[in-house]
Amino acid sequence: MTIYIEVFLLQNFLINLSLLRLVNISLRPKSNFFRLSISSLVGAGFSVIGAMFISNVIVLNIIKVLCSIAMILIAFRQSKRQFILSILLLYAFTYALGGAIMNLTSSNYYTNFGAVSISRVPLELICSIAIVITYIYEILARHIRTKIKLNSFIYHITLYHKNKKLDLNAFLDTGNILQYHDSPVLVVDLKSYLDLMDIDFMKYFSSSGDTVRANTINGAKDIKVFKIDRIDIKTKHEKKTFSDQYIAVSTRGFNNTNYQALLSPLML
């Protein structure tokens, strides 16, 4: 089998670039596309040298380790802890991407430095698609990070009233400073309130009661406030209980979210 150096170099460059981008997206160290490209080229150079001139297995493994270290040092500016994580991620992504490429190829040949794959689909195209996938992964990673940050503000709460019990997710709203009779107010959506009280829409809207003024980005409005028997709030270290607690009802709800209530920071 004949392997052209320029093709081998291009393939390794694209693979290295994909791997480094995955590490970069995962850890967000200081870097740029130029540094990633230079690092990918250095790694490809190591591969060519190893495949052409070195046959000793021990020496090859040492070169592979040195290659990965050099690639990370060139590609990123980071702390020692981040460096170790980058190395581990680089190897993890290497095996994952390598396995995916080998599954897509029709023939695999093993050289001194590693495996060479042959497919009806050019490996350069597969590697280019892999780079495109890294951009998709970057978009997904941003979305996941946002979700993780938001979820850190989610608390599990339980509402009790008479013989009813209702478990909800509550978002810690630092802007929720509603108070009624010098007591912080929990804001719940209408559906949750109806479930807790076991009433329907008509009974809720026809009922009279106290209100509290709420200021939102859409302006100020009065929302109904009610007293329930108890609220339990689960935090990381303890469970807080509030008896005879006031709650306000938002008729607009919290659409497209994973919470049904707004928690006041005064309750934590």
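Residues numbered from 1 in each chain as written. Predicted model: local features only at pLDDT ≥ 70, side-chain atom pairs only at ≥ 80, totals over all residues. Heavy atoms only, no water.

Caption draft 1: Looking closely at the overall build of the protein. Helix and strand counts for the protein stand at seven helices and 11 strands. Expressed as a percentage of its 268 residues, the buried residues of the protein come to 40%. Sequence separation of at least 24 residues holds for 64% of the intrachain contacts in the protein that already meet a minimum separation of 6. Total accessible area on the protein stands at roughly 16200 Å², and carbon and sulfur atoms take up 60% of it. (Helix = DSSP H or I, 4+ residues; strand = E, 2+ residues; numbered from the N terminus. Buried < 20%, exposed > 50% of the residue type's maximum accessible area, 1.4 Å probe, protein only. Contact = heavy atoms within 4.5 Å. Areas by Shrake-Rupley, 256 points an atom, 1.4 Å probe, with all protein chains shown as cover.)

Caption draft 2: Structural context of the pattern of salt bridges. If you walk through the whole model with that rule in mind, you get three salt bridges. For the salt bridge of aspartate 232 with arginine 230, the shortest nitrogen-to-oxygen distance reads 2.9 Å. Overall, the relative accessible area of 3% leaves aspartate 232 in the buried class. A salt bridge links lysine 239 to aspartate 232; the shortest N-O distance between them is 4.0 Å. Judged by its relative accessible area of 53%, lysine 239 falls in the exposed class. Here the salt bridges share partners, and the residues they tie into one network are Arg230, Asp232 and Lys239. (Salt bridge = Lys/Arg side-chain N within 4 Å of Asp/Glu carboxyl O.)

Caption draft 3: Region of interest: the packing of helix 1 (residues 5-27) against helix 2 (residues 33-53). Following both chains from N to C, one finds helix 1 and helix 2 inclined at 135°, their axes separated by 8 Å at the closest point. With respect to each other, helix 1 and helix 2 are oriented oblique. When you trace helix 1 past helix 2, the crossing you get is right-handed. Looking at the contact of helix 1 with helix 2, its residues break down into 13 nonpolar, nine polar and one charged. (Axes fitted to C-alpha atoms, helices over the stretch in contact; angles between N-to-C directions. Parallel < 35°, antiparallel > 145°, perpendicular 65-115°, else oblique. Left-handed = near helix turned anticlockwise from the far one by under 90°. Nonpolar A, V, L, I, M, F, W, Y, C, P; charged D, E, K, R; others polar.)

Caption draft 4: Up close: the packing of aromatic side chains. The tally for this structure, following the rule as stated, stands at eight aromatic pairs. Ring geometry for tyrosine 193 versus tyrosine 204: centroids 5.7 Å apart, planes at 65°, classification edge-to-face. Taken together, the residues tyrosine 193 in helix 6 (residues 190-197) and tyrosine 204 in helix 7 (residues 201-206) connect sequence positions 11 residues apart. For tyrosine 204, a relative accessible area of 3% corresponds to the buried category. Both rings, one in tyrosine 204 and one in phenylalanine 205, keep their centres 5.0 Å apart while their planes meet at 80°; by these two values the pair is edge-to-face. By relative accessible area, phenylalanine 205 is classed as exposed at 52%. (Phe/Tyr/Trp six-rings, centres within 6.5 Å; stacked < 30°, edge-to-face > 60°.)

Caption draft 5: Local environment of the nonpolar core. Ile157, Leu159, Leu186, Val188, Tyr193, Ile231 and Leu263 are the most contacted members of the largest nonpolar core, which has 24 residues in total. Broken down by secondary-structure element, the contributors of at least two residues to this core are strand 3 (154-161), strand 4 (164-172), strand 7 (186-189), helix 6, strand 9 (219-234), strand 10 (239-250) and strand 11 (261-263). Take this core: its biggest share by element is five residues, from helix 6. In this structure valine 188 touches Leu159, Leu168, Tyr193, Ile247, Ala248, Val249, Ser250, Phe254, Gln260 and Ala261, once residues within four positions along its chain are discounted. Core analysis: the next-biggest nonpolar cluster, separate from the first, contains 21 residues, Phe13, Leu14, Leu17 and Ile87 among them. (Core = buried A, V, L, I, M, F, W, Y, C linked by side-chain atoms within 4.5 Å.)

Caption draft 6: View of the side chain of serine 183. Among the structural elements, serine 183 can be located in strand 6 (residues 183-184). Contacts of serine 183, omitting those with residues within four sequence positions, involve Leu178, Gln245 and Tyr246.

Caption draft 7: Up close: helix 1. A rise of 1.5 Å per residue sets the reference length of helix 1, with its 23 residues, at 33 Å; its end C-alpha atoms lie 33 Å apart and thus fit the reference within 8%. Of the residues one or two after helix 1, arginine 28 is the one with positive phi, at around 55°. (Expected span 1.5 Å × (residues − 1).)

Caption draft 8: Just the confidence of the model for the protein, in detail. Confidence in the prediction for the protein averages 81 pLDDT; 83% of positions are at 70 or higher. Summarising per-element confidence for the protein, the mean pLDDT is lowest in strand 1 (residues 107-110) (54) and highest in strand 3 (92). (pLDDT = per-residue confidence, 0-100.)

Caption draft 9: Representation of the side chain of serine 40. On the secondary structure map, serine 40 appears in helix 2. Given a relative accessible area of 0%, serine 40 falls into the buried group. Look past the residues within four positions of serine 40 in its chain and what remains in contact with it is Phe13, Asn16, Leu17 and Leu20.

Caption draft 10: Structural detail: unusual backbone geometry. Unlike most non-glycine residues, histidine 181 shows phi in positive territory, near 55°. Within the element layout of this structure, histidine 181 appears in the loop between strand 5 (179-180) and strand 6. Phi is positive for aspartate 182, close to 60°, though the residue is something other than glycine. The topology assignment puts aspartate 182 in the loop between strand 5 and strand 6. The exposed category is assigned to aspartate 182, whose relative accessible area is 76%.

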